[in-house]
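Architecture at a glance
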Amino acid sequence: MSSTLPFWILKNSARNSIATLQGGRRLYSRCASNRNESRLRLFSQVLGTRKSIGPCSGSALQKAYRHTSTEEDDFHLQLSPEQVNEVLRAGESAHKMLDLVSGVPNSVLRFESNQLAANSPVEDRRGIASCLQTNGLMFGIFDGHGGHACAQAVSERLFYYMAVSLMSQQTLEQMEGAMESMKPLLPILHWLKHPGDSIYKDVTSVHLDHLRVYWQELLDLHMEMGLNIKEALMYSFQRLDSDISLEVQAPLEDEMTRNLSLQVAFSGATACVAHVDGVHLHVANAGDCRAVLGVQEDNGMWSCLPLTCDHNAWNPAELSRLKGEHPESEDRTVIMDNRLLGVLMPCRAFGDVQLKWSKELQRSVLERGFDTEALNIYQFTPPHYYTPPYLTAEPEVTYHRLRPQDKFLVLASDGLWDVLGNEEVVRLVVEHLAEAGRHKPDLAQRPANLGLMQSLLLQRKAQGLRAADQNAATRLIRHAIGSNEYGEMEPERLTAMLTLPEDLARMYRDDITVTVVYFNSDSIDAYYKGG
């Protein structure tokens, strides 16, 4: 069916772009000035060498560097356990789902989510919503780079594009009829976790206009049941990215709208979105966020099932795709230093028009009187920029039919996966479930000896700061920043990581955003039994 869909979906998504967006790990490592070297040494003594930090130079790096602390005594390495918990839990969110959805048992039991910033402001976003005109729950992680503007825009808008893509012809006709008669629209989404306070409130009318154009074109296809879920995910990602590109090219009179559109288009965001409808789980991924399923086999053993592949230079299929889309003469330059054109880590992302537009289009847009310095837009064309676009927002969509043994799904930005492996993440969530269910070993039945006593004391010291975590996402973040190279929790390291000054934090860790979705095994089992 997808072969019959016209090319309008992409709307000739403007070609060609850049990617040296200031201040993100995506593009280059941050640089520490000489005045910070003593503070770097101080923190390195506590944090060890888990991440290497070396001298770096260049005007782009100097612009990216933000100095916020001027004296070593501006900060303290000590936080009480209560203060550590307060910092870690500040971004927590949790929600228990209704047992029934339209009279059908809900396959999702609940979700737990959390976020810890390294960038200021944080560049990650997350969103969770239910579709009101179609069935399904949507969970999204959005990892911004070069600023937060693109991640904010995508986190607010993508779910609407997905929901509209899934609507039937009749529902789309009702939507269009309401617009024509200036009546209230049918509600599209119910947000369970909104991406946050929008900076786009004054330009939502522009976004709605473009969403309307999209559903009008869907109406023209005369598909009674709408797109299937895989098609809806594929085209929603690409259409939103196309609209982001076109919005900044359009002649807009309102200066704020023009500036916001420019910031969105010239920053970037990767995205990983899960759509759950009964036992049908679809995951769409563009970039290096990740989705991993926690599975408990009949024998009680746990395993992990990755549902995404990272789109970066370490993915052979992605490397082959990129080389196939460009002349053979660019085989050695399309990926350099494990980055796209030597500047961008993920090979798929929203925005980043500097790696999608032609040089001529970039110049024509930026010459319209934008104050690029004030808007923090860094103008840079990578070497070997010959045949754009080099970057795409086309997602890779995976389908998985849920089974009773599928217990939970972890969605997270790469700030988590950079330091914890898939198996380790699943193990930590399983431990969280065991502790929450009080399934702890009966220590009273174990022989008492000095070795055991010492081991228990060390365990209690290491676990003291996390003993009361009620949120699995918090536990994952705690271990991501507080564990040493052996996977052992070190309270001193955790405290040090949370007290890093703003201008040093990004050298040691990334923004981390995690959502854990728990499935209702009984409901899934009932589905297969015809209950």
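As recorded by an unreviewed UniProt entry, the protein chain carries the name [Pyruvate dehydrogenase [acetyl-transferring]]-phosphatase 2, mitochondrial and is attributed to Canis lupus familiaris. UniProt annotates the protein chain under Cofactor (unreviewed entry) with the comment "Mg(2+)". Its UniProt record gives the protein chain a comment under Sequence similarities (unreviewed entry), which states: "Belongs to the PP2C family."

Notes on the overall build of the protein chain
Of regular secondary structure, the protein chain possesses 17 helices and 19 strands. When the 531 residues of the protein chain are sorted by exposure, 55% land in the buried category. Considering only residue pairs separated by 6 or more positions, the protein chain has 79% of its internal contacts joining residues 24 or more positions apart. When the accessible area of the protein chain is evaluated, it comes to approximately 23,700 Å², of which 51% is carbon and sulfur surface.

Comments concerning the pattern of salt bridges
Counting across every chain of the model gives 20 salt bridges. Between Glu 431 and Arg 475 there is a salt bridge, with its nearest N and O atoms 3.1 Å apart. Pair noted here: Glu 431 is in helix α12 (residues 422-436) and Arg 475 is in helix α14 (residues 472-482), with a separation of 44 residues, a long-range link. Judged by its relative accessible area of 29%, Glu 431 is partly exposed. As a salt-bridge pair, Asp 469 and Arg 478 come within 2.8 Å of each other at their nearest N and O atoms. For Asp 469, a relative accessible area of 8% puts it in the buried group. Several salt bridges converge on common partners, so that one network encompasses Glu 424, Arg 427, Glu 431, Glu 435 and Arg 475.

Some details on a negative patch on the surface
Negative charge collects at one region of the surface, where Glu 253, Asp 254, Glu 255 and Asp 371 lie side by side. Its location among the elements puts Glu 253 in the loop between α7 (229-249) and α8 (255-266). Residue classification places Glu 253 among the exposed positions, given a relative accessible area of 81%.

Considerations on α14
Counting buried positions along α14 yields 11 of 11 residues, so the element is predominantly enclosed. Along α14, the residues that are buried comprise Ala 472, Ala 473, Thr 474, Arg 475, Leu 476, Ile 477, Arg 478, His 479, Ala 480, Ile 481 and Gly 482. The N-cap residue of α14 is Asn 471: its side-chain oxygen and the backbone nitrogen of Ala 473 are 2.8 Å apart.

Here we look at the confidence of the model for the protein chain
Taken residue by residue, the protein chain gives an average pLDDT of 82. The fraction at 70 or more is 77%. Across residues 1-40, confidence stays below pLDDT 50; counting only partners more than four residues off in sequence or on other chains, it has 162 contacts.

Section: the sheet that holds strand β18 (residues 406-412)
Sheet architecture is open: six strands sit in the order β2-β5-β19-β18-β11-β12, paired in antiparallel fashion. Looking at strand neighbours, the two that pair on one side only are β2 (93-96) and β12 (302-306), the edges of this open sheet. Recorded for the sheet is a direction-independent mean angle of 15° between the axes of neighbouring strands.

Thoughts on the nonpolar core
Counting residues in each nonpolar core, the largest one holds 58 residues, and the members touching the most others are Leu 158, Phe 159, Leu 262 and Phe 350. A per-element tally of this core places helix α4 (residues 149-166) first, with 12 residues. Every residue in contact with Leu 262, bar those within four places of it in the chain, is listed here: Val 248, Val 365, Leu 366, Phe 370, Leu 375 and Ile 377. Residues Phe 408, Leu 428, Met 489 and Leu 498 belong to the second largest nonpolar core, which totals 35 residues.

Overview of the side chain of Thr 513
Among the structural elements, Thr 513 can be located in strand β19 (residues 512-519). The class for Thr 513 is buried, based on a relative accessible area of 0%. Here the side chain of Thr 513 touches Gln 115 through a polar contact of 3.0 Å, side chain to side chain. Side-chain polar atoms of Thr 513 contact the side chain of Asp 124, separated by 2.9 Å. The residues contacting Thr 513, other than those within four sequence positions of it, are Asn 114, Gln 115, Asp 124, Arg 125, Arg 126, Ile 141, Leu 411, Ala 412 and Ser 413.

Some points on the packing of α12 against α14
Look at α12 against α14: their axes get within 9 Å of each other, and the N-to-C directions meet at 130°. Viewed along their axes, α12 and α14 adopt a mutual orientation that is oblique. In the crossing of α12 with α14, the sense of the turn from one axis to the other is right-handed. Along the contact surface, α12 presents Val 425, Leu 428, Val 429, Glu 431, His 432 and Glu 435, while α14 presents Ala 472, Arg 475, Leu 476 and His 479. Across the contact of α12 with α14, the residue classes break down as five nonpolar, two polar and three charged.

Re the side chain of Glu 176
Tracing the sequence through the fold places Glu 176 in helix α5 (residues 169-180). On the accessibility criterion, Glu 176 (9% relative accessible area) is buried. Those residues in contact with Glu 176, other than ones at most four positions away along the chain, are Arg 212, Trp 215, Gln 216 and Leu 219.

Concerning the environment of Gly 294
Within the fold, Gly 294 resides in strand β11 (residues 290-296). Take Gly 294: its relative accessible area is 0%, and that puts it in the buried class. Distance from Gly 294 to Val 430, taken between C-alpha atoms, is 8.3 Å for residues 136 residues apart in sequence. Ignoring any residue separated from it by four or fewer positions in sequence, one finds Gly 294 in contact with Trp 302, Ser 303, Gln 405, Asp 406, Lys 407, Phe 408 and Val 426.

With respect to the packing of helix α6 (residues 204-220) against α7
Close contact between α6 and α7 brings their axes to 11 Å; oriented N to C, the two are set at 135°. As summarised for this structure, α6 and α7 are arranged oblique, according to the angle between their axes. The handedness of the crossing between α6 and α7 is right-handed. Here α6 contributes His 207, His 210, Val 213, Tyr 214 and Glu 217 to the contact with α7, which in turn contributes Tyr 235, Ser 236, Arg 239, Asp 243 and Glu 247. The class makeup of the residues in the contact of α6 with α7 is three nonpolar, three polar and four charged.

Overview of unusual backbone geometry
Glycine aside, a negative phi is what most residues show, and trans is what most peptide bonds show. Omega for the bond connecting Ser 120 with Pro 121 falls within 30 degrees of zero, at 0°, which places this linkage in the cis form. Looking at where Pro 121 falls in the secondary structure, it is placed in the loop between β5 (108-116) and β6 (124-131). Note the cis peptide between Pro 388 and Pro 389, where omega equals 5°. For Pro 389, the position within the fold is in the loop between α10 (359-366) and β17 (396-401). Here His 222, not a glycine, exhibits a phi torsion of approximately 55°, which is positive. Here His 222 is to be found in the loop between α6 and α7. Even without being glycine, Asp 337 reaches a positive phi, approximately 55°. Counting through the fold element by element, Asp 337 comes out in the loop between β13 (335-336) and β14 (339-340). The class of Asp 337 is exposed, set by a relative accessible area of 69%.

Reading the values: the criteria
- Residues numbered from 1 in each chain as written.
- Predicted model: local features only at pLDDT ≥ 70, side-chain atom pairs only at ≥ 80, totals over all residues.
- Heavy atoms only, no water.
- UniProt positions renumbered as here; feature names shortened; annotations may be inferred.
- Helix = DSSP H or I, 4+ residues; strand = E, 2+ residues; numbered from the N terminus.
- Buried < 20%, exposed > 50% of the residue type's maximum accessible area, 1.4 Å probe, protein only.
- Contact = heavy atoms within 4.5 Å.
- Areas by Shrake-Rupley, 256 points an atom, 1.4 Å probe, with all protein chains shown as cover.
- Salt bridge = Lys/Arg side-chain N within 4 Å of Asp/Glu carboxyl O.
- Patch = residues over 30% accessible without salt bridge, like charges linked within 9 Å, V, L, I, M, F, W, Y side chains within 5 Å.
- Lys, Arg positive; Asp, Glu negative; His and termini not counted.
- Charge placed at Lys NZ, Arg CZ, Asp CG, Glu CD.
- Polar contact = N/O pair within 3.5 Å; in protein donor to acceptor, adjacent residues only side chain to side chain.
- pLDDT = per-residue confidence, 0-100.
- Pairing = 2+ DSSP bridges.
- Axes fitted to C-alpha atoms, helices over the stretch in contact; angles between N-to-C directions.
- Core = buried A, V, L, I, M, F, W, Y, C linked by side-chain atoms within 4.5 Å.
- Parallel < 35°, antiparallel > 145°, perpendicular 65-115°, else oblique.
- Left-handed = near helix turned anticlockwise from the far one by under 90°.
- Nonpolar A, V, L, I, M, F, W, Y, C, P; charged D, E, K, R; others polar.

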